[in-house]
Amino acid sequence: MAIISDSISEARKYLQFDVIGIPTETVYGLAANAFDANLVTRIFEVKERPKFDPLIVHTFAIGEVLKFVKSFPDELMLVAEKFWPGPLTILLPRKEIIPDIVTSGLENVAIRIPDHPLAIELLKSLDFPLAAPSANPFGYVSPTNALHVNDQLGSRIPFILNGGSSKIGVESTIIGYENDVLTIFRLGGISVEDIIEVCGDIRIKTHSSNPLAPGMIDSHYAPGKRMILGDLNTLVQRHHSENPIVICYDKLLNHYPADMQIVLSPNSDVRQAATNLFASLRQADQMADSLILAEPVPDEGLGKAINDRLRRAAF
Ligand code: TXA
Ligand code: MG
C-alpha cells in the first residue's frame with residue numbers, strides 16, 4: 001500500500017522518480033513531472049489508460065502557463081482570470097517543451113490551475129508542472145479522497161499526498177476552440193451558466209463518435225455493478241427482486257428499506273450532490289449484490305455535470 005501523508009517534502013522526493021497521488025478540489029490526480037516523458041508513461045501504465053487519451057497539465061499561475069503555450073486568446077484569458085485557480089481546464093496551443101506523450105500528439109495542451117492549498121504549495125515548490133489524470137483505473141469512478149486512491153492504486157504507487165476530501169467532487173470543465181468556435185468539451189465543476197456569463201453563448205460538445213476523443217466516450221465513471229438511471233419508483237418496482245441499492249437525489253423512497261438507499265443531497269443542493277457523487281457511487285458499488293438504481297438530479301448548475309456522469313456510469 002502507498003504511504004499517505006500531507007508532507008510536501010516527501011511528495012517532492014517521490015516525484016523525482018515516480019508518480020504519486022495528489023489532492024485537488026475536483027478529484028484526486030495521479031501526478032508526474034510533465035516534462036519527463038518516461039515518468040508520464042508510468043501514469044498510463046499505472047492507470048491502464050490508452051495512450052491516445054491526453055493528460056491535463058497542472059500549474060500554479062498564469063505566468064507559468066505562458067511558458068508552456070504559444071498563445072493565449074483573449075477570450076480564454078478572460079475565462080482563466082475569472083475561474084483560475086478552480087475547476088476549469090483550458091485547451092491551448094502547446095510549445096515543444098510539453099512532450100508528445102502528454103497531449104497524445106495533439107497540438108493543444110490541456111492546462112489547469114487547481115484550487116487546493118496543498119496542491120498549489122506542492123506545484124510552487126517544483127521546477128516542473130504536473131501531468132495528472134484522475135487517480136482511478138481507466139473507466140472507473142474518480143477518487144475524491146486519499147483512501148479511494150489507495151484502495152485501487154495503492155499497490156502501484158509509493159505515495160499519496162493527503163489533502164482531505166475534494167470539495168467540488170466532479171472533474172474540471174474543459175473549454176477550448178474547435179474550428180474557431182468556443183466549445184465546452186466536458187461538463188464539470190464550473191457550470192455552463194457561469195461560463196456563459198463571462199463569454200456569452202458557447203457550443204457544448206461532450207459526445208463524439210471519434211474514438212480519439214476518449215473523454216467523451218459513452219461508458220465512463222462506471223461502477224463495477226450494473227447501474228440503471230431513471231424514475232426510481234418505477235425502477236424499484238420493476239427490479240425489486242434483485243435487491244438494488246438506490247441512489248436518490250434529496251429524499252429517501254418511502255416504500256423501500258432506508259439502509260439500501262443513499263441520498264446525494266439532503267439539502268436539495270446540486271453542489272452538495274456533486275461533492276458526494278463519486279463516494280456514493282463507490283459505496284453503492286460495494287453494497288450492491290448486482291444492481292444500482294439512480295435518478296437524475298435537477299439539470300441546472302453542477303447538476304448538468306452530475307447527470308453527465310450518471311448517464312455514463314449507467315451506459
Ligand atoms: O478535474 C480534473 O480535471 C482532474 C484533476 C485531477 O485535475 N483531472 C482529470 O483528468 O479529470 P482526466 O485525465 O481524467 O480527464 C482529462 C480529460 C480527458 O477526457 C482527456 O481526453 C481530455 O481531458 N484532454 C486532455 N488533454 C486534451 C487535449 N489536448 N485535447 C482534448 N482533450 C484533452
Ligand atoms: Mg478521469
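Read on for a plain summary of the structure. (Residues numbered from 1 in each chain as written. Chains lettered and ligands numbered in written order. Predicted model: local features only at pLDDT ≥ 70, side-chain atom pairs only at ≥ 80, totals over all residues. Heavy atoms only, no water.)

A tally of regular secondary structure across the protein chain gives 11 helices and 15 strands. Computed over its C-alpha atoms, the radius of gyration of the protein chain comes to 19 Å, within 12% of the 20 Å expected for a compact globule of 315 residues. Across its three principal axes, the protein chain shows a C-alpha extent of roughly 60 × 45 × 35 Å. Scored against the burial criterion, the 315 residues of the protein chain give a buried share of 57%. Taking the contacts inside the protein chain whose residues are at least 6 apart along the sequence as the reference set, 66% of them involve residues at least 24 apart. Surface accessibility of the protein chain: about 13,300 Å² in total, with carbon and sulfur atoms responsible for 50%. When the 28 basic and 38 acidic side-chain charges of the protein chain are each reduced to a single mean position, those positions are 3 Å apart. (Helix = DSSP H or I, 4+ residues; strand = E, 2+ residues; numbered from the N terminus. Rg over C-alpha atoms; globule rule 2.2 N^0.38 Å. Buried < 20%, exposed > 50% of the residue type's maximum accessible area, 1.4 Å probe, protein only. Contact = heavy atoms within 4.5 Å. Areas by Shrake-Rupley, 256 points an atom, 1.4 Å probe, with all protein chains shown as cover. Lys, Arg positive; Asp, Glu negative; His and termini not counted. Charge placed at Lys NZ, Arg CZ, Asp CG, Glu CD.)

Turning to the packing of helix H4 (residues 74–83) against helix H8 (residues 192–199), a few remarks are in order. Here H4 crosses H8 at 125°, and the two axes come no closer than 10 Å. Relative to H8, H4 is oriented oblique. For the pair H4 and H8, the crossing hand works out as right-handed. Touching Glu75, Leu78, Val79, Lys82 and Phe83 of H4 are Asp194, Ile195, Val198 and Cys199, all from H8. Here the residues of the contact of H4 with H8 are counted per class, giving six nonpolar, no polar and three charged. (Axes fitted to C-alpha atoms, helices over the stretch in contact; angles between N-to-C directions. Parallel < 35°, antiparallel > 145°, perpendicular 65-115°, else oblique. Left-handed = near helix turned anticlockwise from the far one by under 90°. Nonpolar A, V, L, I, M, F, W, Y, C, P; charged D, E, K, R; others polar.)

The next thing to look at is helix H9 (residues 232–239). What H9 keeps buried is the set Leu232, Leu235, Val236 and His239. Burial along H9 is one-sided: seen end-on, the buried residues are contained in an arc of 100°. Facing away from the buried surface of H9 by more than 90 degrees, the exposed residues are Asn233, Gln237 and Arg238. Buried residues along H9 sit against strand E12 (226–229), strand E13 (245–248) and strand E15 (291–294). (Arc of directions from axis to C-beta.)

The subject of this paragraph is the packing of aromatic side chains. Using the criterion set out here, one finds five aromatic pairs in the structure. On the basis of an interplanar angle of 20° and a centroid distance of 5.2 Å, the ring pair of Tyr14 and Phe159 is categorised as stacked. Here Tyr14, found in helix H1 (residues 8–15), pairs with Phe159, found in strand E8 (residues 159–161); they are 145 residues apart in sequence, far enough to count as distant. For the pair shown, Tyr14 and Phe159 are each scored as buried. (Phe/Tyr/Trp six-rings, centres within 6.5 Å; stacked < 30°, edge-to-face > 60°.)

Another point: helix H7 (residues 146–153). Since the α-helix advances by 3.6 residues per turn, residues separated by three or four positions end up pointing in the same direction. Taken residue by residue, H7 has Ala146, His148, Val149, Asn150 and Leu153 as its buried positions. Looking at the packing, one finds that the buried side of H7 touches strand E1 (3–5), strand E3 (29–33), helix H2 (37–47), E8 and helix H10 (270–287). By the N-cap criterion, in which a side-chain oxygen at the helix start approaches the backbone nitrogen of a residue two or three places on, H7 is capped by Asn145, the distance to Leu147 being 3.0 Å. (Polar contact = N/O pair within 3.5 Å; in protein donor to acceptor, adjacent residues only side chain to side chain.)

Our next topic: the environment of Arg186. Mapped onto the fold, Arg186 is located in strand E10 (residues 181–186). Taking the C-alpha atoms as reference, Arg186 lies 26 Å from Leu161; in sequence the two are 25 residues apart. For Arg186, the residues in contact, after removing those within four places along its chain, are Ile56, Glu171, Ser172, Thr173, Ile174, Thr206, Tyr221 and Arg309. One polar contact links the side chain of Arg186 to the main-chain carbonyl oxygen of Ser172, over a distance of 2.9 Å.

Quick look at unusual backbone geometry now. The peptide bond linking Trp84 to Pro85 adopts the cis configuration, its omega dihedral lying at -10°. With respect to the helices, strands and loops of the structure, Pro85 is situated in the loop between H4 and strand E5 (88–93). With a phi angle near 50°, Tyr221 is a residue other than glycine that sits in the positive phi range.

This next bit is on the sheet that holds strand E14 (residues 261–263). Judged by pairing direction, the sheet is parallel, and its four strands sit side by side in the order E12-E15-E13-E14 without closing on themselves. If you trace the sheet from one side to the other, it starts and ends with E12 and E14, each paired once. Ignoring which end each strand starts from, the neighbouring axes of this sheet average 20° apart. Sheet contacts for H10: E12, E13, E14 and E15; angle to E13, the most-contacted strand, approximately 165°. Where helix H11 (residues 303–314) meets the sheet, it contacts E12 and E15, and its direction lies at approximately 135° from that of E12. (Pairing = 2+ DSSP bridges.)

So, about the packing of H1 against helix H6 (residues 117–125). Relative to each other, H1 and H6 sit at 55°, their axes nearing to 10 Å. Between H1 and H6, the interaxial angle falls into the category oblique. Crossing angle aside, the handedness with which H1 passes H6 is right-handed. Contacts between H1 and H6 involve Ile8, Ala11, Arg12 and Leu15 from the first element and Leu118, Glu121, Leu122 and Ser125 from the second.

Before going further, it helps to examine the side chain of Thr59. Take Thr59: it is sitting in the loop between strand E4 (56–58) and helix H3 (62–68). You can call Thr59 buried: its relative accessible area is 3%. The residues touching Thr59, leaving out its near neighbours within four places in the chain, are Glu64, Val65, Phe68, Ile111, Arg112, Ile113, Pro114, Ile120, Leu123 and Pro129.

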